[in-house]
Structures are given as C-alpha cells and as structure tokens.
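So the chains spell out like this:
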Amino acid sequence: MNDRIRTDIAHNARVWNYWLGGKDNYPVDRAVGDQVTGFYPSIGEVARADRAFLGRAVTHLAAEAGVRQFLDIGTGLPTADNTHEVAQRVAPDARIVYVDNDPIVLTHARALLTSAPEGVTEYVDADAHDPEKILAAAGATLDLSRPVAVMMLGILNFVLDTDEARTIVRALMDAVPSGSHLVLTHPTLEPELGGEGNKAAMAFWNENATPPITARSRAEFASFLEGLDLLEPGIVSCSRWRSTSEDASVVAQFGAVGRKP
C-alpha cells in the first residue's frame, strides 16, 4: 500500500466517495461520514447535487460553448460520469487533465485514464495551492493558448485563507485565454441555502478528518469570479444551476460558471 495513504483518519476524497455510494473508502471514513450526516442530514444530497452540476456544466461547455479542453482540479476518486466521460460523450476529441494530490486518488488514476481514441485524458499529481505547477504540467497536454474550462468543484473550501484562494484562481485564469471558463462549487453557511447545519458538521470534520475545510459567504464566493461574465442563472445553489427539475432541492453548496471575456 502507498505509504502516504492513512487508513486511521478519515479523508475527504474517501468520505465523499462513501456519500456518493462508492466502495473506495475505509471504516474510519464511513464512521466519520455517518457522524457528519448526523449533524447535517442532507450532506449526501449535497455530494450528489455537486456531481450532477458537474455533468450539466461540462455538457453545456462542450455542446454549447465549444470548449474542448478541461482542467479538473481536485477531481477526487473516480465515480460515474467523470469529466472526461461527460465531455467526450459530446466531443470525443476533448482533452482533459485531472489534478489531485491525494495518494488514494493517485492509486485509482488508471480508472480515469480511459480516453476516447480521438481525445486525451491525463493525470497530474499536484496541489491546488500550487497553480504554477498545475499549469506547467497541464501545458504538456492542453494548449493553453486555446480556451480551457478550469474546474474547481468543492476544492477552494480546502484553501482556508480567502485571499490565497483568490490568488490561486487569478493565477489559473490569467494563464488561459478569452473564451475560457471557470466552473466553481463551494459550501456555505448562508441560511438562504439551508447552510446552518454545515457549521457543526464542519467543526466535527475539522476535529476528526483531513484536510480541514471552511465555508464561505455569497460575497466571498462571488469574489472568485470577479472579471468574468457569469453564465445564467448566476450564483445559485448548485442543484438549481440549469436544472431540468423545477423542484430540485436547494443544497448549501454554491455553483456558478464564469466566462473570461
């Protein structure tokens, strides 16, 4: 077993996998996952809504916006309908680079590296805190002079300093051209999205699992998208972003897509 993999402490990628119904997790992950669910019963719904948002956003970008390159940062463990599967269903020639630094995700990387013959799927071992390393590695697969969809779903909440998170986003978006997009989701405590339950759940998480996490307000979330043109319907619960279900439950997870003008 990879000596970086800790099975004695819950880890986000594995707990998220558990909430999504996957099997790539350990007893400690399931125990913490169940306890977080006790604090915040809709957390599994949040995980599923985040995954469904990914599918709708990638489908739109590939089908309507003509994007053929995707940089998926903090991708987590492979489940159903990963970014490359969604994109290449629309555009078989799409090129996808996944980025993660979780050792258990690395052990499953081969499951992600199954591209359509016309396209490319690659995997980079890098930390979201190091955008320069990400860009340098991604540039071996993606043409950074052509539009790229930079995807950061549920990852900036692990960058605890908001100024640092903004700096990371800015570095990534400064490196890609007009017509590129930023795809974001992020947990919040805002009561309009039912986020009050997140507070106790996050406090428990930070005491019992890794890496530590933070929530952000609508204004803080919006600051990551400054300088970009927000696609309709703007900043909403990720479950409501271009959902075909009019009664989709609101979850305490912002979702938005911005286009670089």
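Note on numbering: residues in each chain are counted from 1, in written sequence order. Reporting in this predicted model follows two pLDDT cut-offs: at least 70 for local features of residues, and 80 or more for side-chain atom pairs to be given and counted; totals over whole chains, interfaces and linings ignore these cut-offs and use all residues. The basis for every side-chain value is the complete set of heavy atoms in the structure, and neither hydrogens nor water enter the calculation.

Peer 1: What should I look at first to understand the overall build of the protein chain in this one?
Peer 2: Helix and strand assignments follow DSSP, with helices taken as H or I runs no shorter than four residues and strands as E runs no shorter than two, numbered in order from the N terminus. Broken down by element type, the protein chain carries 10 helices and 10 strands. The quantity called the radius of gyration is restricted to C-alpha atoms. Its globule counterpart is 2.2 Å times the number of residues to the power 0.38. The C-alpha atoms of the protein chain give a radius of gyration of 17 Å, which matches the 18 Å a tight globule of 261 residues would have. Overall, the C-alpha framework of the protein chain stretches about 45 × 45 × 35 Å when taken along its three principal axes. Contacts are assigned to residue pairs that have any heavy atoms within 4.5 Å of one another. Intrachain contacts of the protein chain at a sequence separation of at least 6 include 72% that bridge at least 24 residues.

Peer 1: Which parts of the structure should I look at to understand helix 3 (residues 43-63)?
Peer 2: The terminal C-alpha atoms of helix 3 lie 30 Å apart, and with 21 residues this matches the ideal 30 Å at 1.5 Å per residue to within 8%. Relative accessibility under 20% of the residue-type maximum defines a buried residue, over 50% an exposed one, and the middle range a partly exposed one, all with a 1.4 Å probe and only protein chains included. Burial runs high along helix 3: 15 of the 21 residues are buried. Multiplying 1.5 Å by the residue count of a helix minus one yields the expected span of that helix.

Peer 1: What's the story with unusual backbone geometry in this structure? I'm lost.
Peer 2: Glycine aside, residues mostly have negative phi angles, and peptide bonds mostly take the trans form. Cis geometry is adopted by the peptide bond preceding Pro 211, which originates at Thr 210 and carries an omega value of -10 degrees. By the element assignment, Pro 211 lies in the loop between strand 7 (209-210) and helix 10 (218-223). The omega torsion of the bond from Glu 232 to Pro 233 falls at 10 degrees, within 30 degrees of zero and hence cis. Of note in this structure, Arg 242 is not a glycine but carries a positive phi near 50 degrees. Following the sequence through the fold, Arg 242 ends up in the loop between strand 9 (236-237) and strand 10 (253-259).

Peer 1: I keep staring at the environment of Ala 116 and nothing clicks. Help me out?
Peer 2: Along the chain, Ala 116 falls in the loop between helix 6 (109-112) and strand 4 (120-125). Sequence separation between Ala 116 and Ala 94 is 22 residues; the distance between their C-alpha atoms is 8.5 Å. Beyond its immediate chain neighbours, meaning those up to four positions away, Ala 116 contacts Gln 88 and Pro 92.

Peer 1: I tried to follow the pairing of strand 10 on my own but got confused; where do I start?
Peer 2: It is a general feature of regular strands that their side chains alternate between the two faces of the sheet. The buried fraction of strand 10 is high, at six of seven residues. If DSSP finds at least two bridges between two strands, the strands pair. Summarising the sheet, strand 6 (residues 181-187) and strand 10 pair through seven bridges and their orientation is antiparallel. In the strand pairing of strand 10, Thr 185 is matched with Gly 255. Inspection of the sheet shows strand 9 paired to strand 10 by two bridges, in the antiparallel sense. Bridge pairing links Ser 237 to Phe 254 in strand 10.

Peer 1: Mind showing me how you'd approach the side chain of Thr 185 here?
Peer 2: With respect to the helices and strands, Thr 185 occurs in strand 6. Thr 185 gets classed as buried once you look at its relative accessible area, which sits at 1%. Here Gly 154 takes part through its backbone nitrogen, which lies 2.9 Å from a polar atom of the side chain of Thr 185. Leaving out residues up to four positions away in the same chain, Thr 185 has contacts with Asp 50, Phe 53, Met 152, Leu 153, Gly 154, Asn 157, Phe 221, Cys 238, Gln 253, Phe 254 and Gly 255. Pairing of N or O atoms within 3.5 Å defines a polar contact, subject to two protein rules: one partner must be a possible hydrogen donor and the other a possible acceptor, and residues neighboring in sequence count only if both atoms are side-chain atoms.

Peer 1: Teacher, can you tell me more about the nonpolar core here?
Peer 2: Generally speaking, soluble globular proteins have nonpolar side chains that are buried together. Within the largest apolar cluster, 84 residues are counted, with the highest numbers of intra-cluster contacts made by Phe 70, Leu 71, Ile 73, Met 152 and Leu 182. If one sorts the elements of this core by residue count, helix 3 sits on top with 10 residues. The residues touching Leu 71, leaving out its near neighbours within four places in the chain, are Val 97, Val 99, Ile 134, Ala 138, Leu 142, Val 148, Ala 149, Val 150 and Met 151. Residues belong to one nonpolar core when they are buried, are Ala, Val, Leu, Ile, Met, Phe, Trp, Tyr or Cys, and are joined through side-chain atoms within 4.5 Å.

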